[in-house]
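Chain and residue survey
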Amino acid sequence: MAKAKATTISEALAKWEEKNGQKASEAKEVKLYAQIPPVERMDESLSVLVNCEKLSLSTNCIERISNLSNLKNLRILSLGRNNIKNLNGLEAVRETLEELWISYNFIEKLRGIHVMKKLKVLYMSNNLVKDWAEFVRLAELPLLEDLVFVGNPLQQKFSDQNSWIEEATKRVPKVRKLDGVLVIKEKEEGAN
(Lines give C-alpha, C1' and ligand atoms only; values in the text may rest on other atoms or scores of the structure.)
Protein backbone atom coordinates (compact mmCIF):
# COMPACT_ATOMS: atom_id res chain seq x y z
CA MET A 1 0.00 0.00 0.00
CA ALA A 2 1.46 3.36 -1.04
CA LYS A 3 2.03 6.05 1.58
CA ALA A 4 -0.44 8.95 1.30
CA LYS A 5 1.03 12.16 -0.08
CA ALA A 6 1.58 14.73 2.66
CA THR A 7 -0.79 17.67 2.97
CA THR A 8 0.89 20.88 1.84
CA ILE A 9 0.50 24.14 3.75
CA SER A 10 -1.35 25.52 0.72
CA GLU A 11 -3.86 22.65 0.84
CA ALA A 12 -4.25 22.98 4.61
CA LEU A 13 -4.87 26.73 4.28
CA ALA A 14 -7.48 26.15 1.55
CA LYS A 15 -9.32 23.68 3.84
CA TRP A 16 -9.07 26.15 6.73
CA GLU A 17 -10.47 29.01 4.62
CA GLU A 18 -13.37 26.86 3.42
CA LYS A 19 -14.20 25.73 6.95
CA ASN A 20 -13.86 29.20 8.53
CA GLY A 21 -15.23 31.35 5.69
CA GLN A 22 -12.29 33.70 6.07
CA LYS A 23 -9.13 34.47 4.10
CA ALA A 24 -6.06 33.09 5.86
CA SER A 25 -4.17 36.26 4.91
CA GLU A 26 -6.58 38.30 7.08
CA ALA A 27 -6.83 35.90 10.03
CA LYS A 28 -5.26 36.53 13.42
CA GLU A 29 -5.49 32.85 14.40
CA VAL A 30 -4.92 29.89 12.07
CA LYS A 31 -5.20 26.26 13.16
CA LEU A 32 -3.61 23.70 10.83
CA TYR A 33 -3.14 20.97 13.41
CA ALA A 34 -3.74 17.23 12.87
CA GLN A 35 -4.01 17.35 9.10
CA ILE A 36 -4.86 14.07 7.32
CA PRO A 37 -2.52 13.17 5.77
CA PRO A 38 -0.17 15.18 7.98
CA VAL A 39 1.81 18.26 6.96
CA GLU A 40 5.51 17.39 6.60
CA ARG A 41 6.97 20.78 5.59
CA MET A 42 6.47 24.37 6.69
CA ASP A 43 6.63 25.63 3.11
CA GLU A 44 6.59 29.12 1.59
CA SER A 45 2.77 29.15 1.56
CA LEU A 46 2.99 30.26 5.21
CA SER A 47 4.08 33.67 3.91
CA VAL A 48 0.42 34.65 3.30
CA LEU A 49 -0.21 34.69 7.06
CA VAL A 50 0.85 38.31 7.46
CA ASN A 51 -1.78 39.11 10.12
CA CYS A 52 -1.49 35.83 12.02
CA GLU A 53 -0.80 36.18 15.75
CA LYS A 54 -1.46 32.58 16.71
CA LEU A 55 -0.49 29.64 14.49
CA SER A 56 -1.01 25.99 15.32
CA LEU A 57 0.71 23.27 13.31
CA SER A 58 0.64 20.67 16.09
CA THR A 59 0.14 16.95 15.53
CA ASN A 60 1.66 16.73 12.07
CA CYS A 61 4.99 15.29 10.83
CA ILE A 62 7.02 18.49 10.50
CA GLU A 63 10.78 18.00 10.87
CA ARG A 64 12.07 21.58 10.48
CA ILE A 65 10.87 25.04 11.51
CA SER A 66 10.95 27.26 8.44
CA ASN A 67 9.31 29.98 6.34
CA LEU A 68 8.20 32.22 9.22
CA SER A 69 9.81 35.45 7.96
CA ASN A 70 6.54 37.05 6.74
CA LEU A 71 4.72 36.34 10.02
CA LYS A 72 5.59 39.74 11.51
CA ASN A 73 2.74 39.60 14.05
CA LEU A 74 3.19 36.04 15.30
CA ARG A 75 2.96 35.87 19.11
CA ILE A 76 2.03 32.22 19.70
CA LEU A 77 3.41 29.25 17.76
CA SER A 78 2.23 25.74 18.50
CA LEU A 79 4.36 22.94 17.04
CA GLY A 80 3.79 20.17 19.58
CA ARG A 81 3.64 16.53 18.50
CA ASN A 82 5.78 16.76 15.37
CA ASN A 83 9.23 15.41 14.43
CA ILE A 84 11.23 18.58 15.11
CA LYS A 85 14.85 18.02 16.15
CA ASN A 86 16.11 21.60 16.74
CA LEU A 87 14.99 25.19 17.13
CA ASN A 88 16.60 26.55 13.96
CA GLY A 89 14.19 28.72 12.01
CA LEU A 90 12.78 30.65 14.95
CA GLU A 91 15.08 33.63 14.30
CA ALA A 92 12.50 35.00 11.87
CA VAL A 93 10.02 35.60 14.73
CA ARG A 94 12.48 36.52 17.47
CA GLU A 95 11.07 40.05 17.82
CA THR A 96 7.41 39.03 18.29
CA LEU A 97 7.08 35.45 19.55
CA GLU A 98 5.84 35.32 23.16
CA GLU A 99 4.78 31.68 23.44
CA LEU A 100 6.29 28.55 21.92
CA TRP A 101 4.50 25.25 22.40
CA ILE A 102 6.85 22.53 21.20
CA SER A 103 6.26 19.51 23.46
CA TYR A 104 6.51 15.93 22.19
CA ASN A 105 9.24 16.45 19.61
CA PHE A 106 12.86 15.24 19.38
CA ILE A 107 14.75 18.33 20.54
CA GLU A 108 18.06 17.64 22.31
CA LYS A 109 19.80 21.00 21.99
CA LEU A 110 18.53 24.50 22.69
CA ARG A 111 20.99 26.30 20.43
CA GLY A 112 19.55 29.51 19.08
CA ILE A 113 16.91 29.94 21.80
CA HIS A 114 18.69 33.03 23.15
CA VAL A 115 17.54 35.16 20.19
CA MET A 116 13.93 34.97 21.38
CA LYS A 117 13.69 38.44 22.93
CA LYS A 118 10.01 38.36 23.93
CA LEU A 119 9.48 34.68 24.77
CA LYS A 120 7.52 34.40 28.03
CA VAL A 121 6.07 30.89 27.75
CA LEU A 122 7.96 27.79 26.63
CA TYR A 123 6.20 24.45 26.77
CA MET A 124 8.74 21.84 25.74
CA SER A 125 7.87 18.75 27.76
CA ASN A 126 8.71 15.30 26.48
CA ASN A 127 11.67 16.19 24.30
CA LEU A 128 15.23 14.83 24.52
CA VAL A 129 17.16 17.49 26.50
CA LYS A 130 19.44 15.56 28.82
CA ASP A 131 22.06 17.91 30.23
CA TRP A 132 22.32 21.12 32.22
CA ALA A 133 24.55 22.75 29.60
CA GLU A 134 21.54 22.89 27.27
CA PHE A 135 19.03 23.75 30.00
CA VAL A 136 20.98 26.82 31.16
CA ARG A 137 20.57 28.36 27.69
CA LEU A 138 17.04 29.14 28.86
CA ALA A 139 18.48 31.61 31.38
CA GLU A 140 19.38 33.79 28.37
CA LEU A 141 15.69 34.46 27.70
CA PRO A 142 15.06 37.82 29.38
CA LEU A 143 11.27 37.45 29.77
CA LEU A 144 10.78 33.70 30.27
CA GLU A 145 8.25 33.19 33.09
CA ASP A 146 6.44 29.92 32.39
CA LEU A 147 8.39 26.78 31.49
CA VAL A 148 7.13 23.23 31.11
CA PHE A 149 10.04 20.82 30.88
CA VAL A 150 8.67 17.62 32.44
CA GLY A 151 9.40 14.41 30.54
CA ASN A 152 12.85 15.42 29.29
CA PRO A 153 15.69 13.03 30.29
CA LEU A 154 17.28 15.80 32.39
CA GLN A 155 14.14 16.22 34.50
CA GLN A 156 13.62 12.47 34.75
CA LYS A 157 16.97 12.08 36.55
CA PHE A 158 15.32 13.53 39.67
CA SER A 159 13.44 11.26 42.04
CA ASP A 160 11.03 13.96 43.17
CA GLN A 161 9.58 17.17 41.79
CA ASN A 162 10.85 19.39 44.61
CA SER A 163 14.53 18.59 44.05
CA TRP A 164 14.06 19.08 40.29
CA ILE A 165 12.40 22.47 40.80
CA GLU A 166 15.10 23.55 43.23
CA GLU A 167 17.95 22.66 40.86
CA ALA A 168 16.22 24.01 37.75
CA THR A 169 15.33 27.37 39.30
CA LYS A 170 18.93 27.85 40.47
CA ARG A 171 19.95 27.72 36.81
CA VAL A 172 17.01 29.64 35.35
CA PRO A 173 16.13 32.02 38.20
CA LYS A 174 13.65 34.24 36.32
CA VAL A 175 11.13 31.44 35.81
CA ARG A 176 8.01 32.00 37.91
CA LYS A 177 6.19 28.82 36.97
CA LEU A 178 7.92 25.50 36.28
CA ASP A 179 6.05 22.39 35.15
CA GLY A 180 2.77 23.93 36.31
CA VAL A 181 4.09 24.77 39.79
CA LEU A 182 4.26 28.38 40.89
CA VAL A 183 7.83 28.96 42.01
CA ILE A 184 7.95 31.43 44.86
CA LYS A 185 11.39 32.69 45.62
CA GLU A 186 11.93 34.09 49.05
CA LYS A 187 13.85 37.34 49.16
CA GLU A 188 17.11 36.83 50.95
CA GLU A 189 17.42 39.10 53.91
CA GLY A 190 20.53 41.24 54.09
CA ALA A 191 22.76 40.94 57.12
CA ASN A 192 22.31 43.67 59.74
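Residues numbered from 1 in each chain as written. Predicted model: local features only at pLDDT ≥ 70, side-chain atom pairs only at ≥ 80, totals over all residues. Heavy atoms only, no water.

Moving on, we come to the nonpolar core. Side chains that are nonpolar tend, in soluble globular proteins, to be buried together. Counting 51 residues, the largest nonpolar core has Leu-55, Ile-102 and Leu-138 as its most contacted members. Those elements giving two or more residues to this core turn out to be α1 (9–20) and α4 (161–171). At four residues, α1 tops the list of elements feeding residues into this core. (Core = buried A, V, L, I, M, F, W, Y, C linked by side-chain atoms within 4.5 Å. Buried < 20%, exposed > 50% of the residue type's maximum accessible area, 1.4 Å probe, protein only. Helix = DSSP H or I, 4+ residues; strand = E, 2+ residues; numbered from the N terminus.)

With that settled, the discussion passes to the UniProt feature "domain: NXF1/2/3/5-like leucine-rich repeat" (unreviewed entry) in the protein. Here the UniProt-annotated "domain: NXF1/2/3/5-like leucine-rich repeat" (unreviewed entry) positions come out as residues 116–180. End-to-end, the C-alpha atoms of residues 116–180 are 22 Å apart, and along that stretch the chain is 29% helix and 12% strand. (UniProt positions renumbered as here; feature names shortened; annotations may be inferred.)

The next thing to look at is the packing of aromatic side chains. Summed over all chains, the structure comprises eight aromatic pairs. Both rings, one in Phe-135 and one in Trp-164, keep their centres 5.5 Å apart while their planes meet at 65°; by these two values the pair is edge-to-face. With Phe-135 in helix α2 (residues 132–135) and Trp-164 in helix α4, this residue pair connects regions lying 29 residues apart in the sequence. In this structure Phe-135 comes out as buried when scored by relative accessible area, which is 0%. A centroid spacing of 5.8 Å and a plane angle of 15° characterise the contact between Phe-149 and Trp-164, whose relative ring orientation is stacked. Placement of Phe-149 in the loop between β6 (146–148) and α3 (153–156) and of Trp-164 in helix α4 is noted, with a sequence separation of 15 residues between them. There is no split in this pair, since Phe-149 and Trp-164 are both buried. Members of the aromatic cluster, each reached through a chain of ring pairs, are Trp-132, Phe-135, Phe-149, Phe-158 and Trp-164. Over the ring of Tyr-104 we find Arg-81, and its NZ or CZ is 3.9 Å from the ring centre. One residue, Arg-171, lies across the ring of Trp-132, its end atom 3.8 Å from the ring centre. (Phe/Tyr/Trp six-rings, centres within 6.5 Å; stacked < 30°, edge-to-face > 60°. Lys NZ or Arg CZ within 6 Å of the ring centre and 35° of its normal.)

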